[in-house]
Amino acid sequence: MLVEPLHRDGHRMGSKYQQSLWGCLPLWALLLEVALILIFLLFTSYDTSSKDQKDLLGTFRVIQDVILMAALGLGFLNTSLRRHCWSSVAFNLFLLALGVQFTVLLDGFLKQLSLKKIVINLSSVQMATMSATSVLISAGTVLGKVNLVQLVLMMLIELTAFSTTRIVGKKLLNMDNHISMMYIHVFAAYFGLTASYCLPKPPKEMKQETQMATSPSLFAMLGTLFLWIFWPSFNSSLLDLLSERKKAVFNTYYALAVSAVTAILVSALVHSRGKINMIHIHNAVLAGGVAVGPACYLIPSPWLAMLLGLIAGLISILEAKYLSVCFQMLNIHDTYGVHYTFGLPGLLGGIIYVVLMAHQVMWTDISMVRYQVLTNLGALSFSVIMGMVFGLLTGFILSFKIWKPPYVANYFNGRPFWTSPYLAAGY
Amino acid sequence: MRFQFSLIAIGLEVTMIILFGVFVEYETDQITGTQSLSTHMNGSLDLYPLFQDIHVMIFAGFGFVMTFLKKYGFSSVGINLLIAALGLQWGTLVQGYLYSNGKKTRVGIRNMINADFSAATVLISFGAVLGKTSPVQMLIMTIIEIAVFAGNEYAVGARLLASDVGASMTIHAFGAYFGLAVAGVLYRPTLRKRHPNEESVYHSDIFAMIGTLFLWIFWPSFNSAIADPGVNQHRAMVNTYFSLAACVVSVFAFSSLLEPGNRLNMVHIQNATLAGGVAVGACADMVVHPYFSMLIGSIAGIVSVLGFKYLTPLFTTKLRIHDTCGVHNLHGLPGVIGGLASILAIAVGETDRHSMGRQAAALFTSIATAIGGGLITGLILRIPVWGPPADEDCYDDSVYWKVPQRTEHDYHFQEYGSHSHQEIEI
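Treat the numbers as computed from the prediction; the structure is a model and nothing was measured.

Right, let's talk about the overall build of chain B for a bit. Counting its secondary structure elements, chain B contains 15 helices and three strands. Against the compact-globule benchmark of 22 Å for 426 residues, chain B has a radius of gyration of 22 Å, which places it among compact chains. Here chain B, with 426 residues, has 58% of them falling under the buried criterion. Sequence-distant contacts, at least 24 apart, represent 83% of the contacts inside chain B between residues at least 6 apart. Per element, the accessible surface of chain B, about 16,900 Å² overall, is 65% carbon and sulfur. Of the side chains in chain B, 23 bear a positive and 29 a negative charge, and the two mean positions are spaced by 8 Å.

Structure representation (structure tokens):
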């Protein structure tokens, strides 16, 4: 009886939900866009130097792969909640579009530390897209508990923090482009987790909403597959030497292959009746790619990469299965399991990188080993700490009531954000 | 007419094969020496990745964008595949004939890209008549529209010498107005009230989003594929990229602004977010600043959202044109904006004023040809022998497809959904 009038008139449900849930969004978004256009008008110009056609198309290929991973892969990776598919995919696209414009400017200003004109070329676009990925990763921890205004705010803070981390790391800690970008996974994961820590928790009895249905979980598989296919491009794109690139592609490829196999095997193994859990597959399949990221150009032979993929897949699933209890005790709610997809495998990758670097230096100059280990460890922990500090800050700001966050009862429900007649009925 | 579709399709394909046998050969080069040959081969394969991107857009992008109807997913993706496959063969022939001055056509990667473009035109028009036509009608429309398109494209590109690198005018505006003209002639008064099948369900909209994302991701390739190599191509890529990004932000803002309760509308997100790519097409490779392309993208996005909100209902009720996918808002209006933007870009640039007239003429010619061709095509399609679906069977796959019966799984799924729904309402 209740369903009929709601079904006919979609916005009637507004009376039941909060009115003007995120009323300031149009104003905010328009202001931001106008500001961005003005800054672009005043401070940017295109790179006019002539360039080689081959290089140009090569860079363009990489950009396409990275955008595909960000827009399709990460967008659909986070669609396993039954009532949150639309919001996950669409908010992801919005954050990516806004984030790229913001990062291009930010990177340009931070690099020259003055207000000269920024020259835009394809590689600055590529860097910006890859940096913007950090927001899409952290969003996985908070999606369903925040509205788009809060996400935009998070994006602004997180991208500023990440660009600063990269610039400081490059200037003070000898990080190169590749390594500073590869720590994106740990940075984003811990940023998201600490931000999520400050937000109100969903009540314990909210099982219904978080349960998956068959077809949303299939959509999440689509995202996983796209990430899986294009991951070698992501890991190899910032390396300069051709030989390093080649090694990076091969190592990533093998690590991903092994972690996919491990994911399915172990998922069946840890279940009491040997059944495979789709959530494990979605995330653990990618763990190998994350773990091999920092060290992908240093690993000398495929078997090492494969071993790394095996370990990454293993810890990813074991954590999903057993450590999530720990998280509940710590009072952190991780919507899409970002910690076991990106957090722990990323840490593992960072440590492997430190070890391999030390190993490499050991053959040439034994006295340098300690220095090398210290700076590399410093770089890794710097990324993690920056992520945590700014995550806490963001979470604190996001928990204010002025952003009109969704009611706790409406968590993981995209319905309040969308108009459509049939959304009121069961779907 | 049981075998009508099969016979027409086979007949068309046999004709294509014969025509290819007579008129088409591979691109070969009169080069001596192995060294120069190998370098040259590399050069001609340079465009292959861009071609692949466009191929994904045509087959996956356009196909999935149209799957938003709840009972019409098979036809959207399937007929899309049929039209595109036939269209690119016919496009190769017609464009090859026009540009080769009667000699044999030499096929290279560039011809394949142009053939895909001509298929895109038909797919845009297909969006306007989606759900109201039979496969046979679509085959006929493909043949006629590509012939008209190739003629117009030749007139604009080779005779008027207008610049339209991302084909805002020759593909998008042309395809949209052609489709609208056909839809106007095929108007069914009984469908004036919303047909019960003409709506989406949650999952069909997610499928449509897959198409949107494919189109969004690969649009820079679409706009830069036939640009001059080097600086121009680079500019086309970056301009398109920023235009699309700005467009997304404005569309979200305006969608939320116009809907009651500040909610978002999935139709806007699926379609209007691409308007920036369409609108920047004509001036993508010109010397414009990044801010200019962002401005074009934002304006196109906003106009597109406004179009979906106010113009489409007006078209259906007042103008008697029923535009199923809203191609007028996604391709028509942004295409026109693109044409105007290219005139503006030339006006502020240092290039000669002569070319402003050329751009205006190109825009006018494209739209006029499209409407003329569309009206004639519509009249041909109205001949009652092509087996169009009855009014009550519109937007339904089961007329032309073998559709699986409901399985136990579906029942379970639905039960599960309604069950949980009630619990939440209480």
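Attention now goes to the overall build of chain A. When you go through chain A residue by residue, the secondary structure sums to 15 helices and three strands. Of the contacts made within chain A by residues no fewer than 6 positions apart, 84% connect residues no fewer than 24 positions apart. Surface summary for chain A: the accessible area is close to 16,600 Å², and the carbon and sulfur share equals 70%.

Residue and element names in this part refer to chain A. Taken over all residues, the pLDDT of chain A has a mean of 83, while the share at 70 or more is 89%. The least confident element of chain A, judged by mean pLDDT, is helix 1 (residues 3-8) at 35; the most confident is helix 8 (residues 184-198) at 92. Below a pLDDT of 50 lies the segment residues 1-17, which in the model reaches 27 contacts outside its immediate sequence neighbourhood of four places, other chains included.

A word on the state of the cysteines. Enumeration over the complete set of coordinates arrives at zero disulfides over all chains. C283 of chain B takes part in no disulfide bond, and the closest cysteine sulfur to it belongs to C247 of chain B, at a distance of 14 Å.

This part takes up the packing of helix 13 (residues 327-348) of chain B against helix 14 (residues 354-382) of chain B. Residues and elements named next belong to chain B. Packing of helix 13 against helix 14 brings their axes to within 8 Å, and their N-to-C directions diverge by 170°. Classified by the angle their axes make, helix 13 and helix 14 are roughly antiparallel. Contact residues: helix 13 offers G335, V336, G339, L340, S342, I343, I346 and A347, while helix 14 offers S355, M356, Q359, A360, L363 and I367. Its residues placed into classes, the contact of helix 13 with helix 14 shows nine nonpolar, five polar and no charged.

The subject of this paragraph is a nonpolar patch on the surface. All names here are of chain A. Residues V249, F250, Y253, Y254 and M306 make up a contiguous nonpolar surface patch of about 460 Å² in total accessible area. If you tally residues by element for the nonpolar patch, the top one is helix 11 (residues 242-270), at four residues. Relative to the elements of secondary structure, Y254 occurs in helix 11.

Turning next to unusual backbone geometry. At R320 of chain B, a position not held by glycine, the phi torsion is positive, near 55°. When you line up the elements, R320 of chain B lands in the loop between helix 12 (290-317) and helix 13.

Looking now at the packing of aromatic side chains. Counting across every chain of the model gives 24 aromatic pairs over all chains. Centre to centre, the rings of F219 of chain A and F207 of chain B are 5.0 Å apart; their planes meet at 65°, and the pair counts as edge-to-face. With one member in each of two chains, F219 of chain A in helix 10 (residues 214-236) and F207 of chain B in helix 8 (residues 202-224) form a pair that bridges those chains. Using a relative accessible area of 5% as the deciding quantity, one classes F219 of chain A as buried.

Right, let's talk about the nonpolar core for a bit. Counting 208 residues, the largest nonpolar core has F94, L151, W231 and F342 of chain A together with W216, F242 and F252 of chain B as the members making the most contacts within it. With residues up to four places along the chain from it excluded, the contact list for W216 of chain B reads I67, L93, L96 and A97 of chain A together with L244, A245, V248, T273 and L274 of chain B. Counting 29 residues, the second-largest nonpolar core is a separate cluster that includes A248, A305, A312 and I332 of chain A.

So, on to the packing of helix 13 (residues 302-330) of chain A against helix 14 (residues 338-364) of chain A. Residues and elements named next belong to chain A. Interaxial distance between helix 13 and helix 14 falls to 9 Å at its minimum, and their mutual angle equals 130°. With respect to helix 14, the axis of helix 13 lies oblique. Remark: the crossing between helix 13 and helix 14 carries right-handed chirality. Mapping the contact onto sequence places L308, I311, A312, I315, S316, E319, A320 and F327 in helix 13 and H339, Y340, L344, P345, L348 and I352 in helix 14. Its residues assigned to classes, the contact of helix 13 with helix 14 comprises eleven nonpolar, two polar and one charged.

As a further point, take the side chain of H84 of chain A. Summarising the element assignment, H84 of chain A is placed in the loop between helix 3 (53-77) and helix 4 (85-112). Filtering out sequence-adjacent residues up to four positions away, H84 of chain A remains in contact with L143, G144, Y336, F412, N413 and G414 of chain A together with Y202 of chain B.

It is worth spelling out the environment of P290 of chain B at this point. Take P290 of chain B: it is sitting in helix 12. Overall, P290 of chain B belongs to the buried group, its relative accessible area being 0%. Considered as a pair, P290 of chain B and R320 of chain B are 30 residues apart in the sequence and their alpha carbons are 40 Å apart. Leaving out residues up to four positions away in the same chain, P290 of chain B has contacts with F40, T44, Y46 and I120 of chain A together with N239 of chain B.

With 25 residues, helix 3 of chain A extends 35 Å from end C-alpha to end C-alpha; this agrees with the ideal 36 Å at 1.5 Å per step. Along its length, helix 3 of chain A reaches its greatest deviation from straightness, about 30°, at M69 of chain A.

For the rest of this paragraph, the subject is the environment of P406 of chain A. With respect to the secondary-structure elements, P406 of chain A resides in the loop between helix 15 (368-398) and strand 3 (418-419). Sequence separation of P406 of chain A and V146 of chain A is 260 residues, and the distance between their C-alpha atoms is 6.3 Å.

On the surface, a cluster of positive charge is made up of R192, K193, K318 and R320 of chain B. Relative to the assigned elements, R192 of chain B resides in the loop between helix 7 (168-185) and helix 8.

By the element assignment, Q101 of chain A lies in helix 4. By relative accessible area, which is 0% here, Q101 of chain A ends up buried. Along the chain, Q101 of chain A and L72 of chain A lie 29 residues apart, while their C-alpha atoms are 19 Å from each other. Not counting the four nearest positions on each side in its chain, Q101 of chain A is found in contact with E33, L36 and F40 of chain A together with F242, A245, A246, V249 and M294 of chain B. At 3.2 Å, the side chain of Q101 of chain A and the backbone oxygen of A245 of chain B are in polar contact.

Another point: the side chain of S138 of chain A. Mapping S138 of chain A onto the fold places it in helix 5 (residues 122-142). Side chain to side chain, S138 of chain A and E158 of chain A meet in a polar contact 2.6 Å long.

This brings us to the confidence of the model for chain B. All names here are of chain B. Model confidence for chain B is summarised by a mean pLDDT of 86, while 90% of its residues fall at 70 or above. A low-confidence stretch, residues 31-39 (pLDDT under 50), is modelled with three contacts involving residues beyond four sequence positions or located in other chains. When the criterion is pLDDT under 50, residues 411-426 qualifies, and its contacts beyond four places in sequence or with other chains add up to 28 contacts. Listed scores for the predicted complex are pTM 0.87 and ipTM 0.82.

Calculation notes
- Residues numbered from 1 in each chain as written.
- Chains lettered and ligands numbered in written order.
- Predicted model: local features only at pLDDT ≥ 70, side-chain atom pairs only at ≥ 80, totals over all residues.
- Heavy atoms only, no water.
- Helix = DSSP H or I, 4+ residues; strand = E, 2+ residues; numbered from the N terminus.
- Rg over C-alpha atoms; globule rule 2.2 N^0.38 Å.
- Buried < 20%, exposed > 50% of the residue type's maximum accessible area, 1.4 Å probe, protein only.
- Contact = heavy atoms within 4.5 Å.
- Areas by Shrake-Rupley, 256 points an atom, 1.4 Å probe, with all protein chains shown as cover.
- Lys, Arg positive; Asp, Glu negative; His and termini not counted.
- Charge placed at Lys NZ, Arg CZ, Asp CG, Glu CD.
- pLDDT = per-residue confidence, 0-100.
- Disulfide = S-S within 2.5 Å.
- Axes fitted to C-alpha atoms, helices over the stretch in contact; angles between N-to-C directions.
- Parallel < 35°, antiparallel > 145°, perpendicular 65-115°, else oblique.
- Nonpolar A, V, L, I, M, F, W, Y, C, P; charged D, E, K, R; others polar.
- Patch = residues over 30% accessible without salt bridge, like charges linked within 9 Å, V, L, I, M, F, W, Y side chains within 5 Å.
- Salt bridge = Lys/Arg side-chain N within 4 Å of Asp/Glu carboxyl O.
- Phe/Tyr/Trp six-rings, centres within 6.5 Å; stacked < 30°, edge-to-face > 60°.
- Core = buried A, V, L, I, M, F, W, Y, C linked by side-chain atoms within 4.5 Å.
- Left-handed = near helix turned anticlockwise from the far one by under 90°.
- Expected span 1.5 Å × (residues − 1).
- Bend = angle between axes of the 7 residues up to and from the residue.
- Polar contact = N/O pair within 3.5 Å; in protein donor to acceptor, adjacent residues only side chain to side chain.

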